[in-house]
Amino acid sequence: MRGVFVDANETLALIMERLEKLGDPKVKIHKDPDIKPEQYPDILDGAEIAIVDHTALPTEVAKKCAGLKHVVFLGTGARSYMNPEELAELGISVHLIKGYGDTAVAESAIALMWASARVIAMMDREMRGGNWLREDGMQLTGKTLGLIGFGGIAAEVARIASGSGMKVIAWNRSPKSCPGVEFTDLDTVLARSDVVSLHLLLNDETRGMITREKILAMKRGVILINTARAAIVDEAAMIDALKSGHIRHAGLDVFNIEPLPGDHPLTKLPNVTLSAHSAFRTPEASENLIEAAWEHCRRIVSS
């Protein structure tokens, strides 16, 4: 059984090579992170396992991938790139990797929160342009952080935020408990939070979940942080709320269109801090990610 890492960047390729063990299944590393979906059949060349970082795999393309039985997706958000149910009907199993970057993403969410509260990116831009901009920031000690969704990443965010003197409340679809975190209903989280941070997987239930009505139910002057998936939020409603000041500032790592076009409305708003879907990108997280990918390949071959 053969595998192909179809869209490896230089960093992940090097880790993949370094973590290979004697007796591991044969995995070819295709060192091009910018492949197009239509290239899958040629790159896989009949291999049974596709290791995928970020390249969309439409079902119609998957039908042309002779021999493909397994997709090892490097992360948890496969639904943003493929339809696992439709692939399953073709006999292709999609394997996810959870928990590899919980700390990395949590630290990024915290960084976006602090940068948003103190408008650091805005002042940096203005000063580089010769304008000595001095803005009043939001002091976060004593403020309430509301977490929507509570998995491993949110638990890390709660740990860091609690240590910095914030009160943490949370809503989760299933019952959870965590020391120092008050769990309550979604409406209460929206109404009480000075900062709202999203930590949900994208699926049919969560797509568009943060509607215009839910945004308006948040405190005026709220900070919104999204390191989860952009499609969870009504983007047009969020932009309107940013323009009106209902949302004081947004710290965003995820977007409906990636890479984000330079002329996108979000790039024109001063009260938005943007990062390029990089919350998970640390050497430690990458090491965890590729080790987990190898473990998937080993398990698939031995099963």
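Our subject is the structure that appears above.
Anyway, here's the lowdown on the structure attached to this text. (Residues numbered from 1 in each chain as written. Predicted model: local features only at pLDDT ≥ 70, side-chain atom pairs only at ≥ 80, totals over all residues. Heavy atoms only, no water.)

A count of helices and strands for the chain gives twelve helices and twelve strands. In terms of overall dimensions, the chain is globule-like: its C-alpha atoms have a radius of gyration of 21 Å, near the 19 Å expected for 303 residues. For the chain, the C-alpha atoms occupy an extent of roughly 60 × 45 × 35 Å along the three principal directions. Pairs at least 24 residues apart make up 64% of the contacts formed inside the chain by residues separated by at least 6 positions. Only carbon and sulfur atoms are counted for the fraction: they give 51% of the accessible area of the chain, which is about 14400 Å². One finds the centroid of the 34 positive side-chain charges in the chain at a distance of 3 Å from the centroid of its 40 negative side-chain charges. (Helix = DSSP H or I, 4+ residues; strand = E, 2+ residues; numbered from the N terminus. Rg over C-alpha atoms; globule rule 2.2 N^0.38 Å. Contact = heavy atoms within 4.5 Å. Areas by Shrake-Rupley, 256 points an atom, 1.4 Å probe, with all protein chains shown as cover. Lys, Arg positive; Asp, Glu negative; His and termini not counted. Charge placed at Lys NZ, Arg CZ, Asp CG, Glu CD.)

Quick look at the packing of aromatic side chains now. According to the stated counting rule, one finds two aromatic pairs in the structure shown. When the ring of F150 is compared with that of F183, the centres are 5.0 Å apart and the planes differ by 75°; the resulting orientation is edge-to-face. With a gap of 33 residues between them, F150 in the loop between β6 (144-148) and α7 (152-163) and F183 in strand β8 (residues 181-183) connect regions that are remote in the sequence. For F150, a relative accessible area of 5% puts it in the buried group. (Phe/Tyr/Trp six-rings, centres within 6.5 Å; stacked < 30°, edge-to-face > 60°. Buried < 20%, exposed > 50% of the residue type's maximum accessible area, 1.4 Å probe, protein only.)

For any two helices packed against each other, the geometry is given by the interaxial angle and the distance between the axes. It is the contact of helix α1 (residues 10-18) with helix α12 (residues 283-302), at a shortest axis distance of 10 Å, that shows an interaxial angle of 55°. Relative to α12, the element α1 lies oblique. Crossing angle aside, the handedness with which α1 passes α12 is right-handed. Across the interface between the two elements, L12, I15, M16 and R18 of α1 pack against S286, E287, I290 and W294 of α12. In terms of residue class, the contact of α1 with α12 is built from five nonpolar, one polar and two charged. (Axes fitted to C-alpha atoms, helices over the stretch in contact; angles between N-to-C directions. Parallel < 35°, antiparallel > 145°, perpendicular 65-115°, else oblique. Left-handed = near helix turned anticlockwise from the far one by under 90°. Nonpolar A, V, L, I, M, F, W, Y, C, P; charged D, E, K, R; others polar.)

Quick look at helix α5 (residues 102-117) now. Helix length check: α5, at 16 residues, gives a terminal C-alpha distance of 22 Å against a target of 22 Å (1.5 Å per residue), a fit within 8%. Considered for burial, the residues of α5 that qualify are A104, V105, A106, S108, A109, I110, L112, M113, A115, S116 and A117. In the stretch just after α5, V119 is the one whose phi turns positive, near 40°. (Expected span 1.5 Å × (residues − 1).)

In this section: the nonpolar core. Counting 32 residues, the largest nonpolar core has I148, I210, I215, M238 and L266 as the members making the most contacts within it. Among the elements that line this core, the one with the most residues is helix α10 (residues 235-244), at five residues. Those residues in contact with I148 that sit more than four places away from it in its chain are W171, L186, V189, L190, V196, S197, L198, H199, L200, M209 and I210. L12, V72, A104 and L289 belong to the second-largest nonpolar core, a separate cluster that totals 23 residues. (Core = buried A, V, L, I, M, F, W, Y, C linked by side-chain atoms within 4.5 Å.)

Turning our eyes to something else, we now look at the pairing of strand β3 (residues 49-52). Neither face of β3 is left uncovered, since the one carrying I49 and I51 and the one carrying A50 and V52 both have all their residues buried. Direction of pairing for strand β1 (residues 2-5) relative to β3: parallel, over a ladder of three bridges. When the bridges of β3 are listed, F5 appears paired with I51. As defined by bridge partners, β3 adjoins strand β4 (residues 70-73) across four bridges and the pair is classed as parallel. Its bridge partner being in β4, I51 is matched across the sheet by V72. (Pairing = 2+ DSSP bridges.)

Before going further, it helps to examine α10. Residues A237, M238, I239, A241 and L242 constitute the buried set of α10. Looking at the buried positions of α10, the neighbouring elements they touch are α9 (212-217), β10 (222-226), β11 (247-252), α11 (265-268) and β12 (272-274). Put simply, D234 is the residue that caps the front of α10, since its side-chain oxygen is 3.2 Å from the backbone nitrogen of A236. Remark: G245 follows α10 within two positions and exhibits a positive phi of approximately 90°. (Polar contact = N/O pair within 3.5 Å; in protein donor to acceptor, adjacent residues only side chain to side chain.)

Attention now moves to the pattern of salt bridges. Tallied over the full model, the rule gives 14 salt bridges. A salt bridge links R159 to E156, with the nearest nitrogen and oxygen atoms 3.1 Å apart. Here R159 and its partner E156 are both found in helix α7, three residues apart, which amounts to about one turn of the helix. (Salt bridge = Lys/Arg side-chain N within 4 Å of Asp/Glu carboxyl O.)

To continue, consider the pairing of β11. When a strand is regular, its side chains alternate between the sheet's two faces. Counting buried positions along β11 gives five out of six residues, so the element sits mostly inside the fold. Relative to β11, β10 is paired through five bridges, and the arrangement is parallel. Counted as the bridge partner of V222 is I247 from β11. Direction of pairing for β11 relative to β12: parallel, over a ladder of three bridges. By the bridge assignment, L252 is partnered in β12 with L274.

This part is about the packing of α5 against α7. At a minimum axis separation of 8 Å, α5 and α7 run at an interaxial angle of 50°. By the angle between their axes, α5 is oblique relative to α7. The element α5 and its partner α7 pack so that their crossing is right-handed. On the side of α5, the interface is formed by D102, T103, V105, A106, E107, A109 and I110, while α7 contributes G152, I153, E156, V157, I160 and A161. Tallied by class, residues from the contact of α5 with α7 come to eight nonpolar, two polar and three charged.

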